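# Notes for the structure review
Residues per chain, in single letters:
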Amino acid sequence: MRRHLWIAIFIPCIVLAAPPAPMPAPAAAAPAAHAGLDEQLPLDPAIVSGRLANGLRYFIRANSRPAKRAEVWLAVNAGSVLEDDDQRGIAHFVEHMAFDGSRHFPKRQLVHYLESIGMRFGPDINASTGFDRTLYTLKVPTDRPEIVEQAFQILEDWAGAIDFDPAELERERGVVIEEWRLGRGAMARMQDQQLPILLKGSRYAERLPIGKREVLEHASRETLLRFYHDWYRPDLMAVVAVGDFDKEKIERLVRAHFAGLEQPAKARPRPSYPVPDHGETLYAIATDPEATSASVGVDVKLGPRPESSVADFRRERVEGLYYSMLNDRLAELGRKPDPPFLFAFAGSGRVVHSTDMSIATAEVSENGIARGLDAMLSELERVRRHGFTAGELERAKRKLLRSYEQRYAERDKRESPQLAGQLAARYLDERPAPEVGFELALVRQFLPGIELSEVNRLAADWNAERNRVIEVSAPRKKDLTPPSEAELAAVFASVAKRDIAPWVDRAREGPLVAAAPVAGKVVSESRIEELGLTEWRLSNGVRVVLKPTDFKNDEVVLSGFAPGGLSLVPDAQFTSARLASQLAREQGVGEFDRTALSKALAGKLAGVGLSLGEFEQGVGGGASPLDLDTMFQLAYLSLTAPRRDPEAARSFLAKEEAALKNRLARPEAVFSDKLTEVLSQNHPRERPLTVESLREVDPEVAYRVLRDRFADAGQFIFFLVGSFKPERVRGEVETWLGGLPAHGRKESWRDVGVRPPAGVQRFAVTKGLEPKSLVRIVFTGDAKYNRENLHDIGALGNALRIRLREILREDLGAVYAVSAGGGLDYRPREQYQFAISFGCAPEKVDALVGAVFAEIAAIQKEGVAAPVLQKVKEAERREREVALRENRFWVGVLASYYRSGWDPRGILRFDEMVERVTSERMRDLARQYLQPGRYVLGVLLPEAAPAARPGR
């Protein structure tokens, strides 16, 4: 289905998220379909849906992933676009007040109750406000019926019984303002310039959900109540419940809790606000002195398009093929030497409720806006004139079909949050929610009949002036002037007149590995029955730890490491070596450059990457069981045959330089660099990468370092977790891991001398235009490294985070969020680090730092109060309950235990570590890890505020 593109327009990098974890499926079991185009997409029969007499909708689905959990959500068809002029930001303010007191949960009892049952504020208890909707989300355990009952009581209170207690309102006003403050910066200021042009003439242009500070500061209780009473009503709400439960019982709970909500006698009409058409191209050019990058985009408004019919489904698949092929071309261009852009991306989706949009956007060098636009438009024009090739379409079809086969194979292992989001979109965006087997059948029905000519016609949309907006964002500098509207228009004219040759689709044929290596053998086998582990030692010394699971039907995760890493690299090679794994990724493997490799893997779901860390070199990846052989071949090639590709290396370094050029315009980057400098005592290996140091990088040196670090696999330990049988993968393991070279090296990591400072270090960085500060307090020192202490420092962080949230946010209303946590390591020495971070108003820094240290002193004197300790323990138990059914958890925890030399059976004794934590132990841990005479305190202050030396 289409994605919501609002974030994508203003933060282009977000739409370039990594592809889903590889989990494809055998396709044989899916049903066939021969649906007519006029038919409506049917609702998945597993979903129970209905409408109460008062108009409230509900959607219920039983689902066992994760076990003993349920997602219980309230969707409100009302957001910031409905605010009156004196309510700018009130929709979001109301959302905050829902957590600050209601009929059955007065004051702040709601969050405290949910934490007492093991749920975490943020990950499990949250809400969001948009232009057109407000969404409240709860995750709750289902192994106790009274908890499920309370979850629906919470939703009922949110729907009609929020208190708006005056004292709580004033306190929460500060929190909302701090959220506004936290979001300010270069991107927000440029959005302020561009939004009125992008959504010109619409109410959306002046109704950002975060609102206006002056309204937030002075809005009365009556103003919030007016919005709440106008728009929180049953005909504008839906309840979504997905989880490990009896859906008939849940439906009874919905009726019991929501049938009594009354529709107002004179309900205010819920309007829809259009984004007006415009015949000419509009230009939204924005600059900012703190911007770190430049971008250019072409946006074409399409108006809302239906998604309800089989014909709509087919249209979206055709569009998906178009954008898949176009993005592959843009990615290939971005790998050229001296690339025209850092990256480029095209897509379509919903921007606001009344408008869809096609976008093509590129991040470029600061002086490369016109060049980047020219390159992007040239590709759009190339497709319009010459179309795509048959090979491109065939690969795109393979990828699309495989993605639906993957979803079908995992149909009984999908996660409840994903399904709840689908059902919320069903209500809020009128998106369909058919059964995945039906969708796969439709894809199989339609794919063979989708011809190149049909896909190619979509390229014409970019050529029209109507409803087109050109967006430009750039740093504001004395020696830099972004292109004018006339200059941008000239790029369009130039491309239209230019001769553009057809695309040459270069694909490499043949196997990934020309000849398999001489296979090794499993020379010993051991078992740990309690964990379902098998360990093989191969003839080349490689160890392989296998854990078959049934958590996912089509997921296998691979991870491996060996000691050494960058610590063994000489100082003279370090600058090049730190980028070795990134350079390797860009250059490909064996005979396949990155573009050829991508094409060769079309329709397969397997991937592998190398890492070169401070103390070890590693490999990680994953695959479908169907593509395990491909994954193992990729692992073998990555370790033994990283590719030399000077052009790809130059392209990567050029893009890195462009990305780094304005990095220090961002206040947070300057602050982070200073903190690293202080914590490492300015150690050369901890210095941030700069344009100057990047120019010292030699790709040939990086290549040699990489080859050396992975030249001997004899000390590698690999972990394989997921849907496989050991006997099924034995041959592949012996061939591709047993065939890795081993020469008898015996290596360990090296202490390169990085040490934190002793005593107390304080610093302030004065930079930034917005009235906001960041505070970071970092405690360091020596500590015994063992599994009990590692757990306990995490528990201390959880306890302190709860207390600091209660004090700084709930009591003082002075922060939006606060983090606290620490960890232990044994490399290069047994030591700990514990950090506390928050953002706030500059004038409140000293008071809040004082409050933090006062709470630390209280814990050091009295320990942790029983209610907080119980919350910490229950959250740990509940989190572990879910984690034990996750493949990636097992890969991570097994690697940690094997790396540390601990008995893996200790993984199953987690509850023992939880139980041994007492208030007195928290007191002792606080005394050990939070010493008042050993920490670094850093403060970021805005330029408008007087610089001050931070202190307590």
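What you see is a predicted model; the values in this text were computed from it and never measured. (Residues numbered from 1 in each chain as written. Predicted model: local features only at pLDDT ≥ 70, side-chain atom pairs only at ≥ 80, totals over all residues. Heavy atoms only, no water.)

## Observations regarding the overall build of the protein chain
Along its length, the protein chain carries 31 helices and 24 strands. For 952 residues, the compact-globule formula gives about 30 Å, and the C-alpha radius of gyration of the protein chain, at 29 Å, lands near that figure. Taken along its principal axes, the extent of the C-alpha atoms in the protein chain is 80 × 75 × 65 Å. Looking at the protein chain residue by residue over its 952 residues, the buried ones come to 59%. A total of about 37500 Å² of accessible surface is found on the protein chain, and carbon and sulfur atoms cover 51% of it. (Helix = DSSP H or I, 4+ residues; strand = E, 2+ residues; numbered from the N terminus. Rg over C-alpha atoms; globule rule 2.2 N^0.38 Å. Buried < 20%, exposed > 50% of the residue type's maximum accessible area, 1.4 Å probe, protein only. Areas by Shrake-Rupley, 256 points an atom, 1.4 Å probe, with all protein chains shown as cover.)

## A few points about the environment of Lys844
Along the chain, Lys844 falls in the loop between strand E23 (831–840) and helix H27 (845–862). Put simply, Lys844 and Leu74 are 770 residues apart on the chain and 35 Å apart in space, counted from C-alpha to C-alpha.

## Here we look at the nonpolar core
The tendency in soluble globular proteins is for nonpolar side chains to be buried side by side. Among the nonpolar cores identified, the biggest contains 79 residues, and Leu114, Phe152, Trp158 and Phe258 are the most heavily contacted of them. Among the elements that make up this core, the one with the highest residue count is helix H4 (residues 145–160) (eight residues). When sequence neighbours within four positions are dropped, the list of residues in contact with Trp158 reads Leu74, Ala98, Phe99, Leu110, Tyr136, Leu138, Tyr228 and Tyr232. In terms of nonpolar packing, the next biggest core, distinct from the first, is built from 68 residues, Ala820, Val893, Leu930 and Leu937 among them. (Core = buried A, V, L, I, M, F, W, Y, C linked by side-chain atoms within 4.5 Å. Contact = heavy atoms within 4.5 Å.)

## Thoughts on the environment of Arg468
As for its placement among the helices and strands, Arg468 is situated in strand E12 (residues 468–475). Considering only alpha carbons, one finds Arg468 and Val298, 170 residues apart in sequence, at a separation of 7.0 Å. A polar atom in the side chain of Arg468 sits 3.1 Å from the side chain of Thr281. (Polar contact = N/O pair within 3.5 Å; in protein donor to acceptor, adjacent residues only side chain to side chain.)

## Quick word on the pairing of strand E19 (residues 717–722)
Here is the key point about a regular strand: its side chains alternate between the two faces of the sheet. Among the six residues that make up E19, six are buried, leaving the element largely enclosed by the rest of the structure. Side chains Ile717, Phe719 and Val721 project from E19 onto one buried face, and the interleaved Phe718, Leu720 and Gly722 project onto a second face that is buried too. For strand E15 (residues 543–548) and E19, the ladder comprises six bridges, and the chain directions are parallel. From the neighbouring strand, Lys547 faces E19, where its bridge partner is Val721. (Pairing = 2+ DSSP bridges.)

## Quick notes on empty space enclosed by the protein
Within the structure shown, the criterion is met by four cavities of 30 Å³ or more. Within this model, the largest cavity holds a volume of roughly 70 Å³. If you trace the largest cavity, you find it lined by Met325, Asp328, Arg329, Glu332, Glu392, Arg395, Trp503, Asp505 and Lys599. When grouped by side-chain class, the residues that make up the lining of the largest cavity number two nonpolar, no polar and seven charged. (1 Å grid on protein atoms, 1.4 Å probe; cavity = no way out; pocket = protein on both sides within 12 Å on 5 of 7 lines; lining within 4 Å. Points joined across faces, edges and corners; volume = space filled by probe spheres on them. Nonpolar A, V, L, I, M, F, W, Y, C, P; charged D, E, K, R; others polar.)

## Quick notes on the sheet that holds strand E17 (residues 606–612)
Pairing in this open sheet of seven strands is mixed, and the strands run E13-E14-E15-E19-E16-E18-E17 from one edge to the other. Lying at the two open borders of the sheet, with one neighbouring strand each, are strand E13 (522–528) and E17. Taking the axes of each pair of neighbouring strands and ignoring which way they run, one obtains an average angle of 15 degrees across the sheet. Set on the sheet, helix H20 (residues 628–640) makes contact with strand E16 (556–563), E17, strand E18 (616–623) and E19; between it and E17 the angle comes to about 25 degrees. (Axes fitted to C-alpha atoms, helices over the stretch in contact; angles between N-to-C directions.)

## Observations concerning the confidence of the model for the protein chain
On average, residues of the protein chain score 94 in pLDDT, and 96% of them are at 70 or above. This stretch, residues 1–28, has a pLDDT under 50; its non-local contacts, to residues over four places away or in other chains, come to 97 contacts. (pLDDT = per-residue confidence, 0-100.)

## Concerning the packing of aromatic side chains
Evaluation of the coordinates by the stated rule reveals 27 aromatic pairs. Aromatic pair Phe105 and Tyr113: ring centres 5.9 Å apart, planes at 40 degrees, arrangement tilted. For the pair Phe313 and Tyr404, a centre-to-centre distance of 6.3 Å together with 70 degrees between the ring planes defines the contact as edge-to-face. Of the two residues, Phe313 sits in helix H10 (residues 310–333) while Tyr404 sits in helix H12 (residues 390–409), which places them 91 residues apart along the sequence. This pair shows no difference in class: Phe313 is buried, exactly as Tyr404 is. Linked through ring pairs, Phe99, Phe121, Tyr136, Trp158, Phe164, Tyr228 and Tyr232 together constitute an aromatic cluster. Geometry around Phe121 places Arg805 over its ring, the cationic atom sitting 5.2 Å from the centre. (Phe/Tyr/Trp six-rings, centres within 6.5 Å; stacked < 30°, edge-to-face > 60°. Lys NZ or Arg CZ within 6 Å of the ring centre and 35° of its normal.)

## A short note on the pairing of strand E6 (residues 134–141)
In terms of burial, E6 is largely enclosed, as eight of its eight residues are buried. With eight bridges connecting them, strand E4 (residues 69–76) and E6 associate as antiparallel partners. Residue pairing in the sheet places Val76 in a bridge with Thr134 of E6.

## Here's the deal with the sheet that holds strand E5 (residues 125–129)
Strands sit in the order E2-E3-E7-E4-E6-E5 across an open sheet of six strands; the sheet is mixed. Each of the sheet's edge strands pairs with one partner strand only, and the pair in question is strand E2 (47–51) and E5. When strand polarity is set aside, the average angle formed by the axes of neighbouring strands in this sheet is 10 degrees. On the sheet, H4 packs against E4, E6 and strand E7 (237–243) and is oriented at approximately 165 degrees with respect to E6.

## Regarding the pattern of salt bridges
Pairing between side chains of opposite charge can happen when their charged atoms approach one another. Enumeration over the complete set of coordinates arrives at 108 salt bridges. Note that Glu700 and Arg644 form a salt bridge whose closest N and O atoms lie 2.8 Å from each other. Of this pair, Glu700 sits in helix H24 (residues 699–709) while Arg644 sits in the loop between H20 and helix H21 (646–660), and the two are 56 residues apart along the sequence. Between Asp924 and Arg927 there is a salt bridge, and its shortest N-O distance comes to 3.9 Å. On the criterion of helical spacing, the pair formed by Asp924 and Arg927 is a turn pair, its members being three residues apart in helix H31 (residues 919–929). (Salt bridge = Lys/Arg side-chain N within 4 Å of Asp/Glu carboxyl O.)

## Section: helix H3 (residues 109–116)
Burial in H3 covers these residues: Leu110, Val111, Tyr113, Leu114 and Glu115. In this structure, the buried residues of H3 make contact with E5, E6, H4, helix H26 (787–811) and helix H28 (866–883). Of the residues trailing H3, Gly118 is marked for its positive phi of about 95 degrees.

## What about the packing of H27 against H31?
A pair of packed helices is characterised by two quantities: the angle between their axes and the separation of those axes. At their nearest, the axes of H27 and H31 sit 7 Å apart, and the two run at 125 degrees to each other. Relative to H31, H27 is oriented oblique. Here H27 runs over H31; the crossing is left-handed. Residues Ile859, Gln860, Lys861 and Glu862 of H27 form the contact with H31, whose own contacting residues are Ser919, Met922, Arg923, Ala926 and Arg927. Residues belonging to the contact of H27 with H31 are distributed by class as follows: three nonpolar, two polar and four charged. (Parallel < 35°, antiparallel > 145°, perpendicular 65-115°, else oblique. Left-handed = near helix turned anticlockwise from the far one by under 90°.)

## So, helix H13 (residues 416–428)
With 13 residues, H13 ought to run about 18 Å at 1.5 Å a step, and its terminal C-alpha atoms sit 18 Å apart, in line with that. For H13, the complete set of buried residues consists of Ser416, Leu419, Ala420, Leu423, Ala424, Ala425, Tyr427 and Leu428. Where H13 is buried, its residues contact E2, strand E3 (57–62), E4, E6 and E7. Downstream of H13 by a residue or two, Glu430 has a phi angle that is positive, lying close to 55 degrees. (Expected span 1.5 Å × (residues − 1).)

## Quick word on the side chain of Glu95
Take Glu95: it is sitting in helix H2 (residues 90–97). Comment: no salt bridge for buried Glu95; closest opposite-charge side chain is Arg809, at 7.0 Å. (Lys, Arg positive; Asp, Glu negative; His and termini not counted.)

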